[in-house]
Amino acid sequence: MKQTAPYMKTSGHKHTISREEILSRLEDPAFALVNVMPKETFEAGHIPHSINLPLSEVETKARQIFPVLSREISVYCMGPT
Amino acid sequence: MSYTNVYHYVGGMTDWVESGAPVERVEALLQAAQATRHIQPVSARRVSWANWLDILANWSLKQLVGFWLGIIIVFGFVYWAAGVGMGWGLQAGNTTVKPDFVGLGTAIYFSFVTALSIGYGDVIPLGPLRILAVAEGIAGLLIFGCVISKLVSRRQEELVEEIHRTTFEDRLDRVRTNLHLVLSDLGTIDQINREHSALPSHVLKRLESSERVFTGELKTIHDLLYRTRLLPEEDALESLLANLTLCLAALIDLLNSQTQRSVGLNADLKTISNLANEICGECMPRSYAPALKQWMDQIQELAKKLA
């Protein structure tokens, strides 16, 4: 069976976040913004203050980067597709 | 066991870029200092007098001097050409300046004298040329002023940069000193702890206070690592991280042999473990040397113990 990446395994329903909310909380250290694109794509351009965690590394590194499970995390990739 | 507060930004980069929101690039971060100097959003604004001065002020010293000399030479040619073509040119003494090479020299000389607002009066403009001469006087003064201010501000910019650097270093020094104080304080408290079975209340207060200092400095270091605006030198950062690790280890040792904890102490401990938990080699917005990463990982390990 295909295993889902840990960040997708949210308890309850899947939450979405709007651009406005991200903009308003950019400077908030309690709010983590995660870019799941490959390193090269991340370097070419990303939302300020976001952390790069490529999808391929989510399984291995997510726990290390965010050990607290209740941490507020927003993930994004290239677009809606 | 899974994350409970995950949100998905469905629009992603495409939506973000389309909305015109700021985008950060890695090369841009590296050249942040340079970049701030190059961003000059003048094109979109209406160009007024003040903006013209802004544009002039943004030119480099070389460009300004070149422009200034260019204006003087061009005006000199205009004075001379006016004499050749239209008959109303310059007058030196009682004779008009002739349209030959000597005349050209005189015209350029007059142009310099006017632009520098010296105005000897040995050569005078005739007729409509007087308006041109006044205009040149104004332009020459303005541009020359820009050249002078550039010379002065260049030194000033150096000084401001120096001040920024020293303040930043002072701050790092303060963090280092405070961490050292916390460490020695924790050592003393540990000593007392071993001599008595339980800590006397005044020592407990001391523990609380040094823990508060430690929390503050941990916040500073956390901020330093996550906000990429200022970059400390690698050695300085390493010594900070090493001190931080020692303090954290000492704190954990002390807490293990000690059962009394006040409410304030517990609240601070929670902050410490949360902050330290987020310091690890791989999760920083910038990549660091392996030695630094090791310290960071060690800090995270200790934070897990604390929690």
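Structure shown above.
Residues numbered from 1 in each chain as written. Chains lettered and ligands numbered in written order. Predicted model: local features only at pLDDT ≥ 70, side-chain atom pairs only at ≥ 80, totals over all residues. Heavy atoms only, no water.

**Q** Help me out: how do you make sense of the overall build of chain B in this one?
**A** A count of helices and strands for chain B gives eleven helices and four strands. Residue burial in chain B is summarised as follows: out of 307 residues, 37% are buried. Taking contacts inside chain B between residues at least 6 apart in sequence as the whole, the part at least 24 apart equals 71%. Looking at chain B as shown, the accessible area adds up to about 17800 Å², and 61% of this sits on carbon and sulfur atoms. (Helix = DSSP H or I, 4+ residues; strand = E, 2+ residues; numbered from the N terminus. Buried < 20%, exposed > 50% of the residue type's maximum accessible area, 1.4 Å probe, protein only. Contact = heavy atoms within 4.5 Å. Areas by Shrake-Rupley, 256 points an atom, 1.4 Å probe, with all protein chains shown as cover.)

**Q** Which parts of the structure should I look at to understand the interface of chain B and chain A?
**A** Interfaces are frequently sized by the accessible area removed from exposure as the parts join. Taken together, the contacts link 34 residues of chain B with 46 residues of chain A. Carbon and sulfur atoms supply 58% of the area that chain B and chain A bury against each other, a total of about 4000 Å² over both sides. Linking chain B to chain A there are two salt bridges. Across the pair Arg71 of chain A and Glu278 of chain B runs a salt bridge whose closest N-O atoms are separated by 2.6 Å. Joining chain B to chain A, the criterion identifies twelve residue pairs in polar contact (both at pLDDT 80 or more). Mapped onto the side of chain B that touches chain A, the elements with two or more residues apiece are β1 (6-8), α1 (12-18), α2 (26-30), α10 (263-277) and α11 (290-306) of chain B. At five residues, the largest contribution of residues to the side of chain B that touches chain A is made by α1 of chain B. Within the side of chain B that touches chain A, the residues separate by chemical class into 15 nonpolar, eleven polar and eight charged. With three bridges connecting them, strand β4 (residues 72-76) of chain A and β1 of chain B associate as parallel partners. Considered in β1 of chain B, the bridge of Val75 of chain A is made with His8 of chain B. (Buried area = accessible area lost by both parts, 1.4 Å probe. Salt bridge = Lys/Arg side-chain N within 4 Å of Asp/Glu carboxyl O. Polar contact = N/O pair within 3.5 Å; in protein donor to acceptor, adjacent residues only side chain to side chain. Nonpolar A, V, L, I, M, F, W, Y, C, P; charged D, E, K, R; others polar. Pairing = 2+ DSSP bridges.)

**Q** Can you help me understand the packing of helix α9 (residues 234-256) of chain B against α11 of chain B in this one?
**A** A pair of packed helices is characterised by two quantities: the angle between their axes and the separation of those axes. All names here are of chain B. Two elements in contact, α9 and α11, have axes whose closest approach is 10 Å; the angle formed by their N-to-C orientations is 20°. Relative to α11, α9 is oriented roughly parallel. In terms of crossing hand, the pair formed by α9 and α11 is left-handed. When α9 is examined against α11, the residues Glu234, Leu237, Glu238, Leu241, Ala242, Leu244, Thr245, Leu248, Ala249, Ile252 and Leu255 are found in contact with a partner set consisting of Ala291, Leu292, Trp295, Met296, Gln298, Ile299, Leu302, Ala303, Lys305 and Leu306. (Axes fitted to C-alpha atoms, helices over the stretch in contact; angles between N-to-C directions. Parallel < 35°, antiparallel > 145°, perpendicular 65-115°, else oblique. Left-handed = near helix turned anticlockwise from the far one by under 90°.)

**Q** Please explain the packing of aromatic side chains as it appears in this structure.
**A** Geometrically, a pair of aromatic rings is defined through the distance of the ring centres and the angle of the planes. All names here are of chain B. Taken as a whole, this structure holds seven aromatic pairs over all chains when the rule is applied. Ring plane angle 80° and centroid distance 5.2 Å describe the contact between Trp59 and Phe67, whose orientation is recorded as edge-to-face. On the basis of relative accessibility, which here comes to 34%, the residue Phe67 falls in the partly exposed class. (Phe/Tyr/Trp six-rings, centres within 6.5 Å; stacked < 30°, edge-to-face > 60°.)

**Q** Would you take a moment to explain the pairing of strand β2 (residues 31-35) of chain A for this structure?
**A** Looking down a regular strand, the side chains alternate between one sheet face and the other. Residue and element names in this part refer to chain A. Most of β2 is tucked away, with five of its five residues classed as buried. Where burial is concerned, the two faces of β2 agree: the one with Phe31, Leu33 and Asn35 and the one with Ala32 and Val34 are both buried. Looking at chain direction, β2 and β4 are connected through five bridges and run parallel. Looking across to β4, one finds that Leu33 is bridged to Ser74.

**Q** It is not clear to me how the environment of Phe214 of chain B should be interpreted in this structure. Could you clarify?
**A** Residue and element names in this part refer to chain B. With respect to the secondary-structure elements, Phe214 resides in helix α8 (residues 201-226). Taking relative accessible area as the criterion, Phe214 reaches 2% and is therefore assigned buried. Between the C-alpha atom of Phe214 and that of Leu179, which follows or precedes it by 35 residues, the distance is 6.6 Å. Once residues within four sequence positions are removed from consideration, Phe214 is found in contact with Leu179, Val182, Leu244, Cys247, Leu248, Leu251 and Ile272.

**Q** What exactly am I supposed to notice about the sheet that holds strand β1 (residues 15-16) of chain A here?
**A** In any sheet, the strands associate via hydrogen bonds between backbone groups, in a parallel or an antiparallel arrangement. The sheet built from five strands is open, its strands ordered β1(A)-β1(B)-β4(A)-β2(A)-β3(A) with parallel pairing. Whereas interior strands pair on both sides, the edge strands pair on one side only; in this sheet they are β1 and β3 (50-52) of chain A. In the sheet, β2 of chain A pairs with β3 of chain A via three bridges, with the strands oriented parallel. Looking at β3 of chain A, one finds that Asn35 of chain A is bridged to Asn52 of chain A.

**Q** Is there a simple way to explain α10 of chain B in this structure?
**A** An α-helical turn contains 3.6 residues, so any two residues separated by three or four positions project in the same direction. All names here are of chain B. The end-to-end C-alpha distance of α10 is 21 Å, a good match for the 21 Å that 15 residues give at a rise of 1.5 Å each. Among all positions of α10, only Leu265, Asp268, Leu269, Ile272, Ser273, Leu275, Ala276 and Asn277 are buried. If you follow the buried residues of α10, they end up packed against α8, α9 and α11. (Expected span 1.5 Å × (residues − 1).)

**Q** So what exactly am I meant to see when it comes to the side chain of Asn193 of chain B here?
**A** Topologically, Asn193 of chain B is positioned in helix α7 (residues 129-195). Contact partners of Asn193 of chain B, with chain neighbours within four places excluded, come to Leu199, Leu254, Ser257 and Gln258 of chain B.

So, to be careful, I would describe these as geometric facts and stop short of saying anything about function.
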